[in-house]
Amino acid sequence: IENAKYGIVASDLAKKIGFKNGDKVLEVNGEKVERFKDITAPRHYMKENAVYKVQRDGQVKTIVLPAGFVDSIADNKNNFITERQKFFVDSVEQNANGKSAPLMKGDQILAVNDTAVEFFDEFKARLANIKNADIPVVVLRNNDTVNLTVNVDENGAIGFRPKSDLEFKNEYFSFTGSISEGWNQAKENLSLNLSVFGKIFKGEVNASKAVSGPIGIAGLFSSEWDWQQFWQLTGLLSIILAFMNILPIPALDGGHVLFLLVEMVIGRPLPEKFMHVMQVIGMILLLGLMVFAFGNDIYKVFTR
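Please read these numbers as outputs of a predicted model, since none were measured by experiment.

A description of the sheet that holds strand 2 (residues 24-28) should follow, citing residues and the corresponding values.
One open sheet holds the four strands; their spatial order is 3-2-4-5, and the pairing between them is antiparallel. Either end of the sheet is taken by a strand with one partner, and the two such strands are strand 3 (31-32) and strand 5 (59-64). Relative to strand 3, strand 2 runs antiparallel, the two sharing two bridges. For valine 28, the partnering residue across the bridge sits in strand 3 and is glutamate 31.

Requested: an account of helix 10 (residues 253-266), with residues and values cited.
Look at helix 10: 20 Å from first C-alpha to last across 14 residues, which is about the 20 Å you get at 1.5 Å a residue. Where helix 10 is concerned, the buried positions are Gly254, Gly255 and Phe259. With its buried residues spanning 135 degrees around the axis, helix 10 presents them on a single face. Those residues of helix 10 that are buried lie in contact with helix 9 (227-245) and helix 11 (272-303).

How would you explain the nonpolar core if you had to name every residue and give the values?
One broad rule of soluble globular proteins: the nonpolar side chains tend to lie buried together. One finds Phe19, Val25, Tyr52, Leu65, Phe69 and Phe80 to be the most contacted residues of the largest nonpolar core, which totals 21 residues. Listing elements by their share of this core, those giving two or more residues are strand 1 (8-10), helix 1 (12-16), strand 2, helix 2 (36-39), strand 4 (51-56) and helix 4 (69-73). In terms of nonpolar packing, the next biggest core, distinct from the first, is built from 18 residues, Ala101, Ile109, Leu127 and Val137 among them.

Residues and numbers for the packing of aromatic side chains, please.
One pass over the full model with this rule turns up eleven aromatic pairs. Ring centres of phenylalanine 19 and tyrosine 52 lie 5.5 Å apart, and the angle between their planes is 85 degrees; this geometry places the pair in the edge-to-face category. Note that phenylalanine 19 is positioned in the loop between helix 1 and strand 2 and tyrosine 52 in strand 4, a separation of 33 residues in sequence. Since its relative accessible area comes to 1%, phenylalanine 19 is described here as buried. By relative accessible area, tyrosine 52 is classed as buried at 0%. Judged by centre distance (6.5 Å) and plane angle (80 degrees), the rings of tyrosine 52 and phenylalanine 80 are edge-to-face. Taken together, the residues tyrosine 52 in strand 4 and phenylalanine 80 in the loop between helix 4 and strand 6 (81-83) connect sequence positions 28 residues apart. Both residues of the pair, tyrosine 52 and phenylalanine 80, belong to the buried class. Taken together, the aromatic side chains of Phe87, Phe120, Phe123 and Phe160 make up a single cluster linked through ring pairs.

Explain unusual backbone geometry to me, and be specific about the residues and the numbers.
Residues other than glycine seldom take positive phi values, yet asparagine 142 does so here, at roughly 55 degrees. A positive phi angle, close to 70 degrees, is found at asparagine 143, a residue other than glycine. If you trace the backbone, asparagine 143 turns up in the loop between strand 10 (133-141) and strand 11 (144-152). Asparagine 143 sits in the exposed class, given a relative accessible area of 72%.

For the pairing of strand 10, give the residues involved together with the corresponding values.
Inspection of the sheet shows strand 8 (residues 108-112) paired to strand 10 by four bridges, in the antiparallel sense. The residue bridging alanine 111 from the neighbouring strand is valine 138, located in strand 10. Where strand 10 lies against strand 11, nine bridges are found, and the strand directions are antiparallel. Counted as the bridge partner of isoleucine 135 is valine 150 from strand 11. Between strand 10 and strand 11, which pair antiparallel in sequence order, lie two residues; one of them, asparagine 142, sits at a positive phi of approximately 55 degrees.

Which residues make up the environment of lysine 86, and what values do they have?
With respect to the helices, strands and loops of the structure, lysine 86 is situated in the loop between strand 6 and strand 7 (87-92). Distance from lysine 86 to aspartate 165, taken between C-alpha atoms, is 5.7 Å for residues 79 residues apart in sequence. The residues contacting lysine 86, other than those within four sequence positions of it, are Tyr6, Glu118, Phe119, Lys163, Ser164 and Asp165. Side-chain polar atoms of lysine 86 contact the side chain of glutamate 118, separated by 3.2 Å.

Can you lay out the sheet that holds strand 11 for me, pointing to particular residues and giving the numbers?
Strands pair in a sheet through their backbones, by hydrogen bonds, and they do so in one of two ways: parallel or antiparallel. Read across the open sheet, the four strands follow the order 9-8-10-11; overall the sheet is antiparallel. Because the sheet does not close on itself, it has two edges, and the strands there are strand 9 (115-116) and strand 11. For strand 8 and strand 9, the ladder comprises two bridges, and the chain directions are antiparallel. Looking at strand 9, one finds that valine 112 is bridged to threonine 115. Where helix 5 (residues 120-127) meets the sheet, it contacts strand 8, strand 9, strand 10 and strand 11, and its direction lies at approximately 40 degrees from that of strand 8.

Got a sec to walk through helix 11? Specific residues and values, please.
The terminal C-alpha atoms of helix 11, which comprises 32 residues, lie 46 Å apart, in line with the 46 Å expected from a rise of 1.5 Å per residue. Within helix 11, burial applies to Met275, Met278, Gly282, Ala293, Asn296, Asp297 and Lys300.

Scoring rules and cut-offs
- Residues numbered from 1 in each chain as written.
- Predicted model: local features only at pLDDT ≥ 70, side-chain atom pairs only at ≥ 80, totals over all residues.
- Heavy atoms only, no water.
- Pairing = 2+ DSSP bridges.
- Helix = DSSP H or I, 4+ residues; strand = E, 2+ residues; numbered from the N terminus.
- Expected span 1.5 Å × (residues − 1).
- Buried < 20%, exposed > 50% of the residue type's maximum accessible area, 1.4 Å probe, protein only.
- Arc of directions from axis to C-beta.
- Contact = heavy atoms within 4.5 Å.
- Core = buried A, V, L, I, M, F, W, Y, C linked by side-chain atoms within 4.5 Å.
- Phe/Tyr/Trp six-rings, centres within 6.5 Å; stacked < 30°, edge-to-face > 60°.
- Polar contact = N/O pair within 3.5 Å; in protein donor to acceptor, adjacent residues only side chain to side chain.
- Axes fitted to C-alpha atoms, helices over the stretch in contact; angles between N-to-C directions.

Below, the structure is given as structure tokens:
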């Protein structure tokens, strides 16, 4: 989508470093942003002391991400920043109490529990502290204001599926253009993962937060079929696996290439016993990484 016309919704983490709901991000690290995905691109907040310029109440504010932000964002269960949006009722469904709100497709909710709401984040905030109660809401229906009573379940839901008023646009590429765009995205993703590895080794990012195994990877995929997300994640995983495979670790292809280069330089094969020891060391490293990744995934499942 285009750079959000209503500004952003800041997570708790974003609020701690100076962002506010409704801020409109103008620049990130001196780069003007036109699309919302440019605001949240990891290449920006991976940089040291990344600078965001936002428009707030007619003034331009500068927000600098603090040291250690990358490690903090790994703990953030929700997105760091999301787009602010107005909403309408798209369809009605039952909440956890088995009750459906007396809403109709196209309704716009104007007030909840006698408090006006304009954006979806405001609506969710109004319901956050209400559990298993009937409350009044005011909706706009066919240019008429209608007063209703809805049931809120323990999850803060009243039983409807919202529809955003933001405009989503698809960007299309020619066959040759798609190859160029795919190549650029592949380079960016590989560069990002190299940066993460570097920060892990420097101690700037906790490995337990940045490393995931099959369980964690499976959680990245949507429960509903989304062909674009599926192929993007599949491509990303392929790039990461290719990168891991060329690392100079014994038992991987990168390790074999390293030993062959050494043999080319010295002009003779390396001792067989040495090669055997190196292969054992390589397998121990790989198995250790595998155990860590699986264990880390299981730990996250039981501590969420």
